[in-house]
Each structure stands twice: as C-alpha cells, then as structure tokens.
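# A closer look at the structure
The chain contents come next:
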Amino acid sequence: MLTPATLAPEDWNAIRAIVPDPEPALGRCPAGPRRGGAYPVAETRLVGNERRYLAECVDTNWISSRGPFVTRFERAFAPEAGCEYAVACANGTVALHLALAALGLGPGDEVIVPAFTMIATANAVRYTGAEPVLVDAEPVHGNIDPDRVEAAITPRTRAIVAVHIYGHPAAMRRLRAIADARGLALVEDAAEAHGAELDGARVGGLGRAGTFSFYANKIVTSGEGGMVTTSDAALERVLRRLRDHAFHPERHFWHEYLGFNYRMTNLQAAVGLAQTERLGEIVEHRRRLRALYDERLRAIPGLELPGEDEGARSVFWMYAIRIGADFGASRDGLRRRLAARGIETRTFFVPIHIQPVYFDRFRGRRFPVAESLCRHGLYLPTSEALEERDVDWICGEIADIHRRAAPAGAAAS
Ligand SMILES: *Cc1c(COP(=O)(O)O)cnc(C)c1O
C-alpha cells in the first residue's frame, strides 16, 4: 500500500522556519458587520442564471457531459481567454494534464515550472511521465522569474508552464521570446486569473495553450471544473479526443491514443456558463476590493501590498500581502489573532521543492524568493460577497493587532 512521504528530522529542521504554522481555528467576529459569524477567505456568489440553467438541465434530463451547456460554456469562455477554442474538463489539474499530454510530453522530457505555485502545476507534469524543473519566482508578484528560465533549459526541455499567481499575469512577453527562440511550448496555468490581461490581451491566449480551474474559490466557478484554451485547431482536436477516452470518431470502441475520462457534466457547465456571463462584473468587484484594501492598509507599517505592472490588468484573485518585521506581530501571529476574531486568512503556497512528496527530487536545492514568499505571505478574505464596510472592519482589526503588537524586533511569536 502507498505510504506518505515524510521528512527525516534533519530535513524537517532544515526547512521548518519556512513552513507556516498549522491552520488556526476560526472563531467568530465579536462585533462588526458579521457579528457572531465569520469571514471565510473565499465565498461563492451564485446570483446570475445559475438556478435557471440548472433547472433547464433537470427539466430536459440532460445531466451528463453530452448536454448542450458544455458547448455553450466552451463557446462563451473561449473569447474570455482570447482564444478560438475552449475544451471543458473536470478540473484545473486535469486541464493541465490534458494540455501537456496533448502536446506529446512524456518520459524523458523536462518541463519548466515555477517553484512557487500550487502543487497541481508540478503534479500534472509528473502525470505525463515528464520531469518538472523548477525556476524561482520574481519578488514583485511571485510569478516565474523570466531571468532564471534560460539557465534551467537543457536539451530535454520541451515546455514552460507559467502560472499567473494570485491573478497577476506572468512576464509572458519575455517567456514567449525564450520559448520561441528555443522551440519550446509555452503553457499558461491561468487557474487564478480568469479575465486578466497583458497589453490588452487576455491570459489563456498568450501561449500555445492555457488552462483554467473553476473550483469554488476561483474567480468564476462551476463547483468543480476546468478548461483548456487554445487557438491551435489541431491541438484542440487532440484535447477533445483525450478528454473522452480517445473514442474514435468513426469506430466508437477504437482507441489510437491513451485517453482519459476528464469530461465536465452539463450541470457543471450550466453553472460555469452563468458565472462566465458575469465575469466582467466579478473582475471589476475584485479590482475595487483591492483599492479598498489598499486605502486602508497603506498607512500600516510593515505591510507590503499587491502591485500591478504597467500594461498588466490583474484580477486580484486573492488580496495577497506580505508581513514584514515593522508590522510588529509575525505573519503567523497576525493570522492567529485574526482567526480568533472570525477572519480567515491563508498563507502563500509552500514551494514545490520543500514539499514532502518532492523533497528527495529537489534535495539540496534552494529557491530563496519562493521561500521568502512562503514565510511572509498572507492573503485576506477576497470575494464578491465583501462590501466596503466589511473591508473597513477587517482592516480595522489588522490595524488594532499592529497597535497592540510588541515593537518591531521584539516580536517572537
Ligand atoms: C486551483 C489551481 C489549480 C488546480 O485547479 P483544480 O480545479 O483545483 O484542480 C492549478 N493551478 C493553480 C495555480 C491553481 O490555483
């Protein structure tokens, strides 16, 4: 039977300062707009056509992936990703696997991925049999550092996966130049960045293929769901085949590829379509939320607020900040105190190279920017359900924790 990867005590000691404390228990707000309740870090808001479209699925008896909403969702989503085609699938992880498999990646190939990302980015590479090669983050947005990509390329490198971390586009122009010069496929993991733009062009259409997640905490959701976007017609055909067991179009039970069942149901697509219809509104709200948080947190020492590059339009999937020594309390101390008062937060990703499941593969490698992001990063509740008075309350609590905290240098928690 499978046993978990665990770290030897000396390995754990070498990295324990990087790894955030365990999740604190979430209490209740003692006062404020949600007195007696709490602020989860993400909330879903289903206020468009979700109910109507779902009722249509039930009324017409179409609930499997053969129902019409799957195609309607794909057609509505493709232009939102600046693409000709969109192929719906079961979630964001299998969207990545589908894209990499359709590109023909397999054992013996290397794929460059960020050290600072959600685990699925690296795992999807492994599912194909290829090897993930890690590149550190740039310190401003936490995206893959284009200055370090070139050095990671070997004769086995076949692709680069860029992730638009927390909704801010990665340096796609630079990455595309590198990929084109070396004949590599450039794939965007846009799971956190629906609707984001770079120089007026949507993410998802800036490389050979883009992938999205519609998990409940993403910018738009279908409960669970994913999408691969591309403008390459040949690639789209392979994606569709692989998604559905690679059934042959003429002889049904005849398989020329190793396919998967990565289909999305009509029910999921009904919700995803309704959400996509409101994508513009949702992004506007996220951007306004960012401005509201910025205004209220700017004056507090020791907080580094999220930036936005010129030419980039971030969707601020999560309002992600970093806690420096000047704040007084440590990042984990701040989290604990906020949680006790009903405000949930989340720490940044734990880098791939120190994950138990990847530790031996990357033993001895260090990615200092990714590690620093992991040590200091925190994201605050970010959702369409939040209004100005909620942001007022949350920021008031943060200011209060800062005021009560020991002066910088004395903070030990
Ligand atoms: C959420 C996420 C995924 C995985 O999406 P699922 O739908 O949960 O499988 C992949 N990459 C990134 C960067 C994500 O944030």
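Computed from a prediction, not measured in an experiment: that's the story for all the values here.

Counted according to the given criterion, the structure contains 38 salt bridges. In this structure, R278 engages E384 in a salt bridge whose closest nitrogen and oxygen atoms are separated by 2.8 Å. With a gap of 106 residues between them, R278 in the loop between α8 (266-277) and α9 (279-297) and E384 in the loop between β14 (377-380) and α12 (388-404) connect regions that are remote in the sequence. The exposure class assigned to E384 is buried, which follows from its relative accessible area of 12%. Here D392 and R296 are joined by a salt bridge, their closest N and O atoms 2.4 Å apart. Within this pair, whereas D392 is found in helix α12, its partner R296 is found in helix α9, the two being separated by 96 residues in sequence.

Moving on, we come to the domain arrangement of the protein. Structurally, the protein comprises domain 1 (9-45 + 279-404) and domain 2 (50-276). Taken residue by residue, the interface counts 39 residues in domain 1 and 45 residues in domain 2. Summed over the three residues of domain 1 that lose the most area to domain 2, namely L279, W317 and F349, the buried surface amounts to 24% of that side. A salt bridge links E131 to R361; its shortest N-O distance comes to 2.8 Å. Summed over the shared surface of domain 1 and domain 2, the number is 21 residue pairs in polar contact (both at pLDDT 80 or more). Broken down by secondary-structure element, the contributors of at least two residues to the side of domain 1 that touches domain 2 are α9, β11 (312-313), β12 (319-323) and α11 (368-376). At five residues, the largest contribution of residues to the side of domain 1 that touches domain 2 is made by α11. Among the residues making up the side of domain 1 that touches domain 2, the classes are represented as 25 nonpolar, six polar and eight charged.

This next bit is on the nonpolar core. Ranked by size, the top nonpolar core spans 97 residues in total, and within it I112, F116, V149 and Y166 carry the most contacts. Broken down by element, this core gets its largest block of residues, seven residues, from helix α4 (residues 92-102). Residue assignment places this core across two domains, with domain 1 (9-45 + 279-404) and domain 2 (50-276) each supplying three or more. Setting aside its immediate chain neighbours within four residues, V149 contacts I112, V135, I144, I160, L175 and I178. In terms of nonpolar packing, the next biggest core, distinct from the first, is built from 27 residues, Y319, L334, L378 and I401 among them.

Right, let's get into the site of the ligand. Near the ligand lie 13 residues; those nearest to it are G92, T93, E192, S213 and K218. Between the ligand and N91, the relevant distance is 3.4 Å, taken from an oxygen atom to a side-chain nitrogen or oxygen of the residue. At 2.8 Å from an oxygen atom of the ligand is found a main-chain nitrogen or oxygen belonging to G92. Out of a free accessible area of 380 Å², the ligand has 91% covered by protein chains. Those elements that place two or more of their residues in the shell around the ligand are α4 and α5 (119-128).

Turning next to the sheet that holds strand β10 (residues 303-304). On the basis of which strands lie adjacent, the open sheet formed by four strands has the order β10-β12-β14-β13 and antiparallel pairing. Bordering the open sheet on either side are β10 and β13 (346-347), each of which pairs with just one other strand. Examined bridge by bridge, β12 and β14 share four bridges and lie antiparallel to one another. The partner of I321 across the bridge, within β14, is L378. Along the sheet face, α9 touches β10, β12 and β14 and points at about 25° away from the line of β12.

Here we come to the sheet that holds β11. With respect to topology, three strands assemble into an open sheet ordered β7-β6-β11, the strand pairing being antiparallel. Only two strands of the sheet have a single neighbouring strand rather than two, namely β7 (201-202) and β11. Here two bridges tie strand β6 (residues 197-198) to β11, and the two strands are oriented antiparallel to one another. Bridge pairing in β11 places L198 opposite A312.

Right, let's talk about the packing of α4 against α5 for a bit. Here α4 crosses α5 at 45°, and the two axes come no closer than 9 Å. The angle between the axes of α4 and α5 places the two elements in the oblique class. Seen along the crossing, α4 lies across α5 with a hand that is right-handed. Note on element contacts: α5 touches α4 through A120, T121, A124, V125, Y127 and T128, opposite T93, L96, H97, L100 and A101.

Another point: empty space enclosed by the protein. For the structure shown, the criterion picks out one cavity of 30 Å³ or more. Contributing to the lining of the largest cavity are 17 residues, with E43, T44, R45, K218 and I219 lying nearest its centre. The class makeup of the residues in the lining of the largest cavity is five nonpolar, six polar and six charged. When residues of the lining of the largest cavity are sorted by domain, at least three fall in each of domain 1 (9-45 + 279-404) and domain 2 (50-276).

Parameters at a glance
- Here the residue numbers are simple positions, counted from 1 along each chain's written sequence.
- Whole-chain, interface and lining totals are the exception, using all residues; otherwise, since this is a predicted model, local features are given only for residues with pLDDT of at least 70 and side-chain atom pairs are given and counted only at 80 or more.
- To get the side-chain values, all heavy atoms of the structure are used, and hydrogens and water are removed first.
- When a carboxyl oxygen of Asp or Glu is within 4 Å of a side-chain nitrogen of Lys or Arg, the pair counts as a salt bridge.
- Numbering goes from the N terminus for both helices and strands, where a helix is a DSSP run of H or I of at least four residues and a strand is a run of E of at least two.
- Throughout, exposure labels follow a simple rule: accessible area from a 1.4 Å probe, protein chains only, divided by the maximum for the residue type, with under 20% read as buried, over 50% as exposed, and the rest as partly exposed.
- Residue ranges for the domains originate in an automatic or database domain assignment.
- In what follows, residue pairs with any heavy atoms lying within 4.5 Å of each other are defined as contacts.
- Simply put, the buried area is the total loss of 1.4 Å probe accessible area from both parts when two parts are fitted together.
- Counted as a polar contact is a pair of N or O atoms within 3.5 Å, where, for protein atoms, one must be capable of donating a hydrogen and the other of accepting one, and residues adjacent in sequence contribute only when both atoms are in side chains.
- In this classification, Asp, Glu, Lys and Arg are treated as charged, Ala, Val, Leu, Ile, Met, Phe, Trp, Tyr, Cys and Pro as nonpolar, and every other residue, Gly included, as polar.
- What makes a nonpolar core is a set of buried Ala, Val, Leu, Ile, Met, Phe, Trp, Tyr and Cys residues whose side-chain atoms join them at distances within 4.5 Å.
- Neighbouring residues are identified by heavy atoms, a residue being near a molecule or strand if any of them is within 4 Å of it.
- Shrake-Rupley sampling with a 1.4 Å probe provides the accessible areas, and residues are treated as covered by the protein chains on show and by no other component.
- Criterion used throughout: strands pair if DSSP finds at least two bridges between them.
- Axis angles are defined between N-to-C directions and span 0 to 180 degrees, where every axis is a line fitted to C-alpha atoms and, for a helix, only to the segment in contact.
- Every angle not falling under 35 degrees, over 145, or within 65 to 115 is termed oblique; those three ranges are roughly parallel, roughly antiparallel and roughly perpendicular.
- When the near helix sits turned anticlockwise from the far one by under a right angle, the crossing is termed left-handed; a clockwise turn instead gives a right-handed crossing.
- In the cavity and pocket records, a cavity denotes points on a 1 Å grid over the protein atoms alone where a 1.4 Å probe fits but cannot get out, a pocket denotes an open set with protein on both sides within 12 Å along at least 5 of 7 lines, and lining residues are residues with an atom within 4 Å of a point.
- Grid points are joined across faces, edges and corners, and a volume is the space filled by probe spheres set on the points.

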